[in-house]
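An overview of the molecular structure
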Amino acid sequence: YIEGYYDSPVYLKMADATSLSDTDESPVTEFKGLLACFYNIDYKNNDCIEIRTTSDARKSRHIKASNNEEFNKEFIIYATSDEELARLENSDIQSKILKINNRNLCDFDIVIRNGKVFIRVWLKNIFEPDFFDATQGHKTLYEHYEVVKIVFDLFDAVREYLEKE
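In this numbering scheme, every chain counts its residues from 1 along its sequence in written order. Under the rules for a predicted model, residues below a pLDDT of 70 receive no local features and side-chain atom pairs below 80 are neither given nor counted, while totals for whole chains, interfaces and linings still include all residues. To get the side-chain values, take all heavy atoms of the structure and skip hydrogens and water.

For the rest of this paragraph, the subject is the pattern of salt bridges. By convention in these notes, a salt bridge is any Lys or Arg side-chain nitrogen within 4 Å of a carboxyl oxygen on Asp or Glu. Counted according to the given criterion, the structure contains 11 salt bridges. Across the salt bridge formed by Asp 156 and Arg 159, the nearest N and O atoms sit 3.8 Å from each other. Residue Asp 156 and its partner Arg 159 are both found in helix H4 (residues 134-163); the two are separated by 3 residues, about one turn of the helix. For every residue, the accessible area obtained with a 1.4 Å probe (protein chains only) is divided by the maximum for its type, and the residue is called buried under 20%, exposed over 50%, and partly exposed between those limits. Its relative accessible area of 32% is what places Asp 156 among the partly exposed residues. Each helix is a run of DSSP H or I of at least 4 residues and each strand a run of E of at least 2, with the numbering of both proceeding from the N terminus.

Laid out in structure tokens, this is it:
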């Protein structure tokens, strides 16, 4: 678990997370990985925009297609307004997200809602890795550093997008 200021006044909380959904038979893991939340973003728009690598049937009525075919192959966009989608298409955030995605380190989702940015990274536990195998210790540490770097790179791209309003 990490908590603190990323760049004042932006506050960050980051931790391993698992979310479960209840079914009639048993709980099903919907997400396991790293969850980062950036607070105090200077963004007052009440629209919600989500950029996901996986589909969510509960949000099918909000699916929007981008004009960028390469982006559509990798991501699904959920937006509550056409204006927000148009704004997304008129920025360079899609190319920045694709560039980060091309590192092929992990899948990730971005959610912008109510002055907060949530970034989910799909992977194993990052804050409790297995360092008992000495030959894997440095490699694992470097891989996890790269994942945390992706979170910050994604947030920087999102913040730049939000500030251009």
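Still more ground to cover, so stick around.
With that settled, the discussion passes to the environment of Phe 152. Mapped onto the fold, Phe 152 is located in helix H4. Separated by 116 residues in the primary sequence, Phe 152 and Ala 36 have C-alpha atoms spaced 9.4 Å apart. Among all residues touching Phe 152, those that are not within four sequence positions of it are Tyr 6, Leu 12, Met 14 and Phe 38. The contact criterion used throughout is that any non-hydrogen atoms of two residues lie within 4.5 Å.

Of all 7 residues making up strand E7 (residues 107-113), 5 are buried, and the element is well covered by its neighbours. The pairing criterion is simple: DSSP has to find at least two bridges between the two strands. Where strand E4 (residues 49-52) meets E7, 3 bridges bridge the pair, whose relative direction is antiparallel. By the bridge assignment, Ile 51 is partnered in E7 with Ile 110. As paired elements, E7 and strand E8 (residues 116-122) share 7 bridges and run antiparallel to each other. Looking at E8, one finds that Asp 107 is bridged to Trp 122.

It is worth spelling out the pairing of strand E6 (residues 76-79) at this point. Relative to E6, E4 runs antiparallel, the two sharing 4 bridges. Residue pairing in the sheet places Glu 50 in a bridge with Tyr 78 of E6. For strand E5 (residues 63-64) and E6, the ladder comprises 2 bridges, and the chain directions are antiparallel. Bridging from a neighbouring strand, Ile 63 pairs with Tyr 78 of E6.

Stacked, tilted and edge-to-face are the three classes assigned to paired rings of Phe, Tyr and Trp, where Trp is represented by its six-membered ring and a pair needs centres within 6.5 Å; plane angles under 30 degrees give stacked, over 60 edge-to-face, the rest tilted. Applying the stated rule across the entire model yields 9 aromatic pairs. On the numbers, 5.7 Å between centres and 80° between planes, the contact of Tyr 6 with Phe 38 is edge-to-face. Taken together, the positions of Tyr 6 in strand E1 (residues 2-7) and Phe 38 in strand E3 (residues 28-39) put the pair 32 residues apart, joining distant regions of the chain. Their ring planes at 90° and their centres at 5.5 Å tell us that Tyr 6 and Phe 155 sit as a pair that is edge-to-face. Placement of the pair is Tyr 6 in strand E1 and Phe 155 in helix H4, with a sequence separation of 149 residues. Assessed through its relative accessible area of 0%, Phe 155 is described here as buried. Following the ring pairs from residue to residue traces out a cluster consisting of Tyr 6, Phe 38, Phe 152 and Phe 155.

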